[in-house]
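Single-letter residue listing:
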Amino acid sequence: DAVDDSVRALMDDMLDTMYDAPGIGLAAVQIGDLRRVVVMDLGDGPVPEGAAPPADGEEVRVPNPRFFANPEVLWQSDETYCYEEGCLSIPEYFDEVERPARVRVAYLDREGQRVEEEIEGLYAVCFQHELDHLNGVLFIDHLSRLRRDRAMSKVKKTMRLREDA
Ligand code: NI
């Protein structure tokens, strides 16, 4: 309900873990903490003043860490959007997931301020993916039975290979 120093410490710890992975989003439950906390960095921060212009075709990723406590979806569009998702909890598996294209969301930021905003694109995909984690839902739960089974056998194979390595 409130963002205190202990929640901020968790957020910072999660951000380090996420950058190390590396990933673009992480829910607290993924590191064994059941508080409803999410961190994200889509690399879409403002380009610093005076920065050199990017070379042709170069992707600019400016760090833009975001912090969420008690995230929720207040409204979702009927229009949907497909994105190929992956997850640090499901190594090396990616698949297309269909979700509402736009969502109106609310959360407390790192300072404990309540934010309400309407979001879309990758930000909306990631927000919904991470909120799912807090509710015990993984992106493969949105797939057909057939594709979920295929995902699980691929993940088991990946895990076995990692153990053997
Ligand atoms: Ni995930």
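Residues numbered from 1 in each chain as written. Predicted model: local features only at pLDDT ≥ 70, side-chain atom pairs only at ≥ 80, totals over all residues. Heavy atoms only, no water.

(A) Looking closely at the coordination of the nickel ion. Protein-derived coordination of the nickel ion comes from C87 (SG), H129 (NE2) and H133 (NE2), at a distance range of 2.1 to 2.3 Å. All donors to the nickel ion come from one chain, and their sequence spacing reads C-x41-H-x3-H. Of this pair, C87 sits in strand β4 (residues 80–87) while H133 sits in helix α2 (residues 121–134), and the two are 46 residues apart along the sequence. Residues C87 and H133 agree in their burial class; the two are buried. (Donors = N, O, S within 2.8 Å, 3.2 Å for Na, K, Ca; no water. Helix = DSSP H or I, 4+ residues; strand = E, 2+ residues; numbered from the N terminus. Buried < 20%, exposed > 50% of the residue type's maximum accessible area, 1.4 Å probe, protein only.)

(B) Looking closely at the layout of surface pockets. Within this model, the largest pocket holds a volume of roughly 520 Å³. Elements supplying a minimum of two residues to the lining of the largest pocket: β4, β5 (90–100) and α2. Looking at which element gives the most residues to the lining of the largest pocket, the answer is α2, with six residues. (1 Å grid on protein atoms, 1.4 Å probe; cavity = no way out; pocket = protein on both sides within 12 Å on 5 of 7 lines; lining within 4 Å. Points joined across faces, edges and corners; volume = space filled by probe spheres on them.)

(C) Looking closely at the nonpolar core. Grouped together as the largest cluster of nonpolar side chains are 15 residues, with contacts concentrated most on M40, F68, I119, Y123 and F127. Where this core is concerned, the elements lending two or more residues are β2 (37–41), β6 (102–108) and α2. Here this core gets six residues from one element, more than from any other, and that element is α2. When residues no more than four places from it in sequence are discounted, the contact partners of Y123 are M40, L42, R66, F68, Y107 and E117. In this structure, V7, M14, L15 and F67 belong to the second largest nonpolar core, which totals 14 residues. (Core = buried A, V, L, I, M, F, W, Y, C linked by side-chain atoms within 4.5 Å. Contact = heavy atoms within 4.5 Å.)

(D) Examining α2 more closely. Its 14 residues give α2 an end-to-end C-alpha distance of 21 Å, which sits within 8% of 20 Å, the value for a rise of 1.5 Å per residue. Counting buried positions along α2 gives 12 out of 14 residues, so the element sits mostly inside the fold. For α2, the complete set of buried residues consists of Y123, A124, V125, C126, F127, Q128, H129, E130, L131, D132, H133 and L134. Two residues or fewer after α2 comes G136, characterised by a positive phi angle close to 75 degrees. (Expected span 1.5 Å × (residues − 1).)

(E) Up close: unusual backbone geometry. Cis rather than trans, the peptide bond between A21 and P22 has omega equal to -10 degrees. In this model, N70 sits at a positive phi of 50 degrees, which is unusual for a non-glycine residue. Among the structural elements, N70 can be located in strand β3 (residues 65–76). According to the relative accessible area criterion, N70 is partly exposed, its value standing at 29%.

(F) Region of the structure containing helix α1 (residues 5–20). Taking 1.5 Å per residue as the helical rise, α1 with its 16 residues ought to reach 22 Å, and the 23 Å between its terminal C-alpha atoms agrees with that figure. Among the residues of α1, those classed as buried are V7, L10, M11, M14, L15 and M18. Relative to the axis of α1, the buried residues are bounded by an arc of 140 degrees and lie together on one face. Pointing more than 90 degrees away from the buried face of α1 are the exposed residues D5 and D20. Taking the backbone nitrogen of S6 as reference, a side-chain oxygen 3.2 Å away marks D4 as the first, capping residue of α1. (Arc of directions from axis to C-beta. Polar contact = N/O pair within 3.5 Å; in protein donor to acceptor, adjacent residues only side chain to side chain.)

Geometric descriptors of this kind do not, in isolation, establish any biological role.
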